[in-house]
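Single-letter residue listing:
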Amino acid sequence: MPIADPSADELTVLQDEAVQFTRELIRIDTTNFGGNDPATWGVGETEAADYVVAKLREVGLEPEVHESAPGRPSVFVRMAGEDRDRGGLIIHGHLDVVPARAEDWSVDPFGAEIHDGMIYGRGAVDMKDMVGMILALARHLARTGQVPPRDLLFVFFADEENGGVWGSGWMVEHRPELFAGMSEAISEVGGYSITLPERGTGENVRAYLVQTAEKGLAWGRLRAIGRAGHGSVPNEENAIVRLARAIAAIDEHVFPLEFIASVKDLFDGVTEITGVGWDEQDIQAFLPLLGGARQFVSGTLGDSVNMTMLSAGYKGNVIPQTAEANFDARFLPGHQDELLALLEELAGEDVEVVIDHIGNSVDSPRDSALMSVMTQSIQAEDPGAEVLPYCLSGGTDNKALYRELGITGYGFAPLQLPEDLDFAPLFHGVDERVPVDAVRFGARVLLRLARDC
C-alpha cells in the first residue's frame, strides 16, 4: 500500500530509533586512516555493517553485503516501489569516520554522550546522524508494509573518508548491476538550516541549503628529487629547498573568484529573503549572513590547494635525496584540467606532481522534480521555511555514482539547527555534535520524502 501518514506511535518510534541508531553507531569506532591496511583501520567498518544488517533483518528486510576487500563491507537493501518503470532513488550514507584525538575533546569521541540536547561524538554530523535516519526510515517502511512511489535503494558505504576507493568507487566500477534502475541519489551535507533576518519584518526565517553541486578534488604529492649529501657541504640540488620553493609558489598563488550558478542562486535567494545585496567585488561583507554554512560556501568561490603533510629526511646531518608534501586540491565544476596544469606550472621543473586520487565535481539540476519534493518535505515540517541550492566545498559518495553511472546526486541530510550553531566547522572538527531534535526532525522529513519521491 502507498505510504500513509504515520500514527503518533509510529512517528515516535521512527524518531526514537533515528536517535538511538545515531548514538549506537557513534560508539562503534569506524576510524578510517586511509589506505587498505587492516593494521591501520581495524575492524570498525565490519562491526558497523554487521550492526546495520542486524537492524534491517529484524524487520524482515534482506540486505546484501558486498566487500571490496576483506573487512571493507558495504550494505545494500532494495525496496520495490509502486512504479517499477520510474528511475529509482538511492538513499545512501557512509559508515566510516575520520580520526579523533581523544585528548583534544572535552568528551569521549566515541561515547555518544548527550549534553545540552546535543549528541557528541565522531561522526555525529559526518555522517552517522544521517545513517541513523536512513536506517530508521527503512525499518519504518518495512514494519508498516508501505510501498514508496518508486524503487528505493538504501546503501551504507565503506571508505568514503578515503575518497570512496574501497567503497562507492569500487562498487560502481566492479558491481554496477547493484545500482540498476537507479536515476537519482541523496546523501550528506545538505538540507540543514541557517537562520536569516527577513526583510521588512524584524523576524528571522530559516533557510535550508540543499547541496546541488560539489567541488571536485585532487589528492596528491609534490615530490622533489635532489642530490643527497653531507649536511656540512653546500648543495644546490637540495630536495627540501626545491620542495619548499614549490610549496611557497602554490601557497602564494591567488585563485580568482568565480561564482558558479549554484552559488549565484544561493546568494540571490539570501538577498531576496534579507534584502541585503551581494557584490562580487566585496563578497566577504556578505558571507557572515550565511552563519553556520559560511565556511562551506567560502570554499566554493574558487579553486584551492592546501598543503597537508610533509615528509623529508632521516638524520639531522644528512641532506636527503627526496622530499615530499601532500596536498588537497579542490576545483569547481569544469576546472579539473585547468587546475592540474596550474599545479605542474607552479611546482616547477625540479618537482614532480603525483596525483593519487581524483574525485570529479558534481553539478545537479536545481529545478528538478526531486528538488521540489525535498523543498515540500522541509516546508511541511517547518512552515514558512525557505529552501535554497548551494555548492559544497567538500566531497561525497555522489561523485562516484555520477561519474560512472550518470546518477544525479544531491546533499540532503535534513537538520533543523539552532541559529547560533557554527555548523561547518563541526565536520572533522573537535567536539563534533548534532542536536537530538535535529535528528528527530530529519527522520520526519525523510519519511515525507520517501512518501512523495
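Since this is a predicted model, take the numbers as computed values, not measurements.

**Describing the overall build of the protein**
A tally of helices and strands in the protein yields 12 helices and 19 strands. Relative to the globule expectation of 22 Å for 453 residues, the C-alpha radius of gyration of the protein, 23 Å, shows essentially globular dimensions. With the principal axes as the frame, the protein shows a C-alpha extent of 80 × 55 × 45 Å. Within the protein, buried positions represent 56% of all 453 residues. Look at the contacts in the protein between residues 6 or more apart in sequence, and 79% of them connect residues 24 or more apart. By element, 47% of the accessible surface of the protein is carried by carbon and sulfur atoms, the whole surface being about 18400 Å².

**Remarks on the packing of helix α1 (residues 8-26) against helix α12 (residues 436-452)**
If you want to describe how two helices pack, look at the angle between their axes and the distance between the axes. For the pair α1 and α12, interaxial distance at closest approach is 9 Å and the crossing angle is 125 degrees. In this view, α1 runs oblique relative to α12, as classed from their interaxial angle. When you trace α1 past α12, the crossing you get is right-handed. For the pair formed by α1 and α12, the contact residues are Leu 11, Thr 12, Leu 14, Gln 15, Asp 16, Ala 18, Val 19 and Thr 22 on the first element and Val 436, Val 439, Arg 440, Ala 443, Arg 444 and Leu 447 on the second. Here the contact of α1 with α12 is built from residues that sort into eight nonpolar, three polar and three charged.

**With respect to the packing of aromatic side chains**
A full pass over the atoms with the stated rule returns 14 aromatic pairs. Plain terms: the ring middles of Phe 296 and Phe 427 are 5.2 Å apart, the flat faces sit at 70 degrees to each other, and that makes the pair edge-to-face. Taken as a pair, Phe 296 in helix α8 (residues 294-298) and Phe 427 in the loop between β18 (408-411) and β19 (433-435) lie far apart in primary sequence, 131 residues in all. Look at Phe 423 and Phe 427: their rings are 5.1 Å apart centre to centre, the planes differ by 90 degrees, and that puts the pair in the edge-to-face class. Phe 427 matches Phe 423 in its accessibility class, with the two residues each being buried.

**Quick word on the sheet that holds strand β15 (residues 351-359)**
The strand order across the open sheet built from four strands is β12-β14-β10-β15, with neighbouring strands paired in antiparallel fashion. Here the strands that pair on one side only, and so sit at the sheet edges, are β12 (304-312) and β15. The mean angle between the axes of side-by-side strands here comes to 20 degrees, regardless of whether they run parallel or antiparallel. Against the sheet, helix α6 (residues 239-252) contacts β10 (216-225), β12, β14 (322-331) and β15, and its axis sits at roughly 150 degrees relative to β10.

**Regarding the nonpolar core**
Where a protein is soluble and globular, its nonpolar side chains tend to be buried together. In this structure, Phe 154, Phe 156, Ile 186, Tyr 192 and Phe 267 are the most contacted members of the largest nonpolar core, which totals 104 residues. In terms of residue count, α12 provides more of this core than any other element does, 10 residues in total. In this structure Phe 154 touches Val 75, Phe 76, Val 77, Met 79, Ile 91, Ile 134, Leu 137, Ala 138 and Leu 141, once residues within four positions along its chain are discounted. Core analysis: the second largest hydrophobic core is formed by 21 residues, Phe 255, Leu 339, Leu 342 and Leu 343 among them.

**A word on unusual backbone geometry**
Cis geometry is adopted by the peptide bond preceding Met 127, which originates at Asp 126 and carries an omega value of -10 degrees. Mapping Met 127 onto the fold places it in the loop between β5 (118-120) and α4 (128-144). In this model, Asp 116 sits at a positive phi of 50 degrees, which is unusual for a non-glycine residue. Position of Asp 116 relative to the elements: it lies in the loop between β4 (114-115) and β5. Asp 116 gets classed as exposed once you look at its relative accessible area, which sits at 81%. In this model, Asp 431 sits at a positive phi of 55 degrees, which is unusual for a non-glycine residue. Among the secondary structure elements, Asp 431 is positioned in the loop between β18 and β19.

**Points about the pairing of strand β9 (residues 204-214)**
Within β9, nine of the 11 residues are buried, which leaves it mostly tucked inside the rest of the structure. Note: strand β8 (residues 192-197) against β9, six bridges, orientation antiparallel. Counted as the bridge partner of Leu 196 is Val 205 from β9. In this antiparallel pair of consecutive strands, β8 and β9, the connection spans six residues, and Gly 200 shows a positive phi of 75 degrees. When β9 meets strand β17 (residues 386-392), the two strands line up parallel, connected through seven bridges. Looking across to β17, one finds that Glu 214 is bridged to Leu 392. Two elements, β9 and strand β16 (residues 362-363), share two bridges in a ladder whose sense is antiparallel. Across the sheet, Ala 213 pairs through a bridge with Asp 363, a residue of β16.

Conventions used here
Residues numbered from 1 in each chain as written. Predicted model: local features only at pLDDT ≥ 70, side-chain atom pairs only at ≥ 80, totals over all residues. Heavy atoms only, no water. Helix = DSSP H or I, 4+ residues; strand = E, 2+ residues; numbered from the N terminus. Rg over C-alpha atoms; globule rule 2.2 N^0.38 Å. Buried < 20%, exposed > 50% of the residue type's maximum accessible area, 1.4 Å probe, protein only. Contact = heavy atoms within 4.5 Å. Areas by Shrake-Rupley, 256 points an atom, 1.4 Å probe, with all protein chains shown as cover. Axes fitted to C-alpha atoms, helices over the stretch in contact; angles between N-to-C directions. Parallel < 35°, antiparallel > 145°, perpendicular 65-115°, else oblique. Left-handed = near helix turned anticlockwise from the far one by under 90°. Nonpolar A, V, L, I, M, F, W, Y, C, P; charged D, E, K, R; others polar. Phe/Tyr/Trp six-rings, centres within 6.5 Å; stacked < 30°, edge-to-face > 60°. Pairing = 2+ DSSP bridges. Core = buried A, V, L, I, M, F, W, Y, C linked by side-chain atoms within 4.5 Å.

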